[in-house]
Amino acid sequence: MNAHASTARAERPTPIHIGEHLREWRQRRHLSQLDLAVDAEISARHLSFVETGRSAPSREMVLKLAERLDVPLRDRNVLLVAAGFAPAFPQRSLDDPALKSAREAINLVLKAHEPNPALAYDRHWNLVSANRMVAPLLEGVPERLLGQPFNILRLAFHPEGLAPRTVNLAEWCAHLLERLHRQCEATADPELLKLYQDLKSYPIPARSGPVQPDSVAIPLKLRHRGEVLSFISTTMVFGTPVDITLSELALETFFPADELTARRLREMAAHMK
């Protein structure tokens, strides 16, 4: 399913009953009724009745089907409400006392990753937190681009943001667009779909060719003070969240891809002390 099809689906009227919700998620996962029924250990006939509204699923069945379909927690609540049940998953702000341990874990990871840069962002790629090594890499970026909400993808593509200083701009932005496209496919989130279309409108050159088969990762190569710093990144998420906010948080950690970058990061960190 391409982004246009995802957008069209996201703009449809809200399904009127649980069956339509389930059908849309099943089709989004490219599963037949039989595939899902076998995986959820129910009969295909019963699943068909649920999707057509001829049978009302129990709360347990809604949650079981949602788990098999890998439905995000936010949308599992939507399924439950559509079936006539109360939401099961809370959504708290990060400053909620109940999320104190999660905040501490995020801060611990960000701090421990120094002298390398690391940041945390929400489901729409808005910055939530960053360690002190991120700021030096943003030197010279206009303050208006760093205001809240600070969207890290828009910053990467913006002609006054990181785009002019990204040496491998075509490859890096193509990589980011592919990641965002997968999120759009998985969630059909209207805001992500809009972000995807907005980013495609930026004047980014086309990638010259496919990724080389011997490549292990696509680096981010940034010009910084007359040199080129090179990074590879990894993404972490909470493994077993039951809170919507936590389930939608991601931590991006950057590692030096060469010795020059590692040395410059150590020097930056030393000057900050």
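Above this text sits the structure in question.
Overview of the structure. A quick note: this is a predicted structure, and the numbers were derived from the prediction, not measured.

The subject of this paragraph is the overall build of the chain. Regarding its fold elements, the chain presents 12 helices and five strands. The C-alpha extent of the chain, read off along each of the three principal axes, is 65 × 45 × 35 Å. Counting contacts in the chain only where the partners sit at least 6 residues apart, residues at least 24 apart contribute 59% of the total. As displayed, the chain has an accessible area near 14,400 Å², and 55% of this comes from carbon and sulfur atoms.

Glancing now at the nonpolar core. Most often, soluble globular proteins have nonpolar side chains that are buried together. Formed by 41 residues in total, the largest nonpolar core has its most connected members in Trp125, Leu138, Leu155, Phe157, Leu180 and Leu199. Listing elements by their share of this core, those giving two or more residues are β1 (118-121), α8 (152-157), α9 (169-187), α10 (190-200), β3 (220-224), β4 (227-236), β5 (250-256) and α12 (259-272). In this structure, Phe157 is in contact with Ala163, Cys173, Leu176, Leu177, Leu199, Tyr202 and Ile204, ignoring residues within four places of it in sequence. Ranked by size, the runner-up nonpolar core spans 17 residues in total, among them Leu22, Leu36, Leu47 and Ala66.

So, about α9. Counting along an α-helix, one turn takes 3.6 residues, and residues three or four places apart therefore face a common direction. Along its 19 residues, α9 runs 27 Å from first to last C-alpha, staying within 8% of the 27 Å computed at 1.5 Å per residue. Among the residues of α9, those classed as buried are Leu169, Ala170, Trp172, Cys173, Ala174, His175, Leu176, Leu177, Arg179, Leu180, Cys184 and Glu185. Within two residues after α9, Ala188 carries a phi angle of roughly 55 degrees, on the positive side.

What the rule picks out here adds up to 19 salt bridges. Here Arg23 makes a salt bridge to Glu51, at a shortest N to O gap of 3.8 Å. Taken together, the residues Arg23 in helix α2 (residues 18-28) and Glu51 in helix α4 (residues 44-52) connect sequence positions 28 residues apart. Its relative accessible area of 26% is what places Arg23 among the partly exposed residues.

The strand order across the open sheet built from five strands is β2-β1-β5-β4-β3, with neighbouring strands paired in antiparallel fashion. At either margin of the open sheet sits one strand with a lone partner, and together these are β2 (127-130) and β3. Within the sheet, the average angular offset between the axes of one strand and its neighbour, ignoring direction, is 30 degrees. Both β4 and β5 contribute to a ladder of six bridges, which runs antiparallel. When the sheet's bridge partners are listed, Ser233 is paired in β5 with Phe254.

Moving on: the state of the cysteines. All told, the structure shown has zero disulfides when counted by the stated rule. The cysteine Cys173 is free of any disulfide, with Cys184 supplying the nearest cysteine sulfur at 16 Å. Exposure remark for Cys173: the relative accessible area of 1% places this residue in the buried category.

Following the criterion strictly, the structure yields three aromatic pairs and no others. A centroid spacing of 4.7 Å and a plane angle of 10 degrees characterise the contact between Tyr121 and Trp125, whose relative ring orientation is stacked. Relative accessible area serves as the criterion here: at 4%, Tyr121 is assigned to the buried category. Residue classification places Trp125 among the buried positions, given a relative accessible area of 4%. Plain terms: the ring middles of Phe157 and Tyr202 are 6.4 Å apart, the flat faces sit at 50 degrees to each other, and that makes the pair tilted. Here Phe157 is found in helix α8, whereas its partner Tyr202 is found in the loop between α10 and β3, with 45 residues between them in sequence. Summarising the burial analysis for this pair, Phe157 and Tyr202 share the class buried. Note that Arg54 overlies the ring of Phe49, its terminal NZ or CZ placed 4.0 Å from the centroid.

Quick look at unusual backbone geometry now. Following Glu114, the chain continues into Pro115 via a peptide bond in cis, with omega recorded as 15 degrees. With respect to the secondary-structure elements, Pro115 resides in the loop between α7 (100-112) and β1. The amide bond that connects Gln148 to the next residue, Pro149, takes the cis arrangement and shows omega of -5 degrees. Its location among the elements puts Pro149 in the loop between β2 and α8. The backbone of Asp70 shows a phi angle near 55 degrees, a positive value even though the residue is not glycine.

Rules used throughout
- Residues numbered from 1 in each chain as written.
- Predicted model: local features only at pLDDT ≥ 70, side-chain atom pairs only at ≥ 80, totals over all residues.
- Heavy atoms only, no water.
- Helix = DSSP H or I, 4+ residues; strand = E, 2+ residues; numbered from the N terminus.
- Contact = heavy atoms within 4.5 Å.
- Areas by Shrake-Rupley, 256 points an atom, 1.4 Å probe, with all protein chains shown as cover.
- Core = buried A, V, L, I, M, F, W, Y, C linked by side-chain atoms within 4.5 Å.
- Buried < 20%, exposed > 50% of the residue type's maximum accessible area, 1.4 Å probe, protein only.
- Expected span 1.5 Å × (residues − 1).
- Salt bridge = Lys/Arg side-chain N within 4 Å of Asp/Glu carboxyl O.
- Pairing = 2+ DSSP bridges.
- Axes fitted to C-alpha atoms, helices over the stretch in contact; angles between N-to-C directions.
- Disulfide = S-S within 2.5 Å.
- Phe/Tyr/Trp six-rings, centres within 6.5 Å; stacked < 30°, edge-to-face > 60°.
- Lys NZ or Arg CZ within 6 Å of the ring centre and 35° of its normal.

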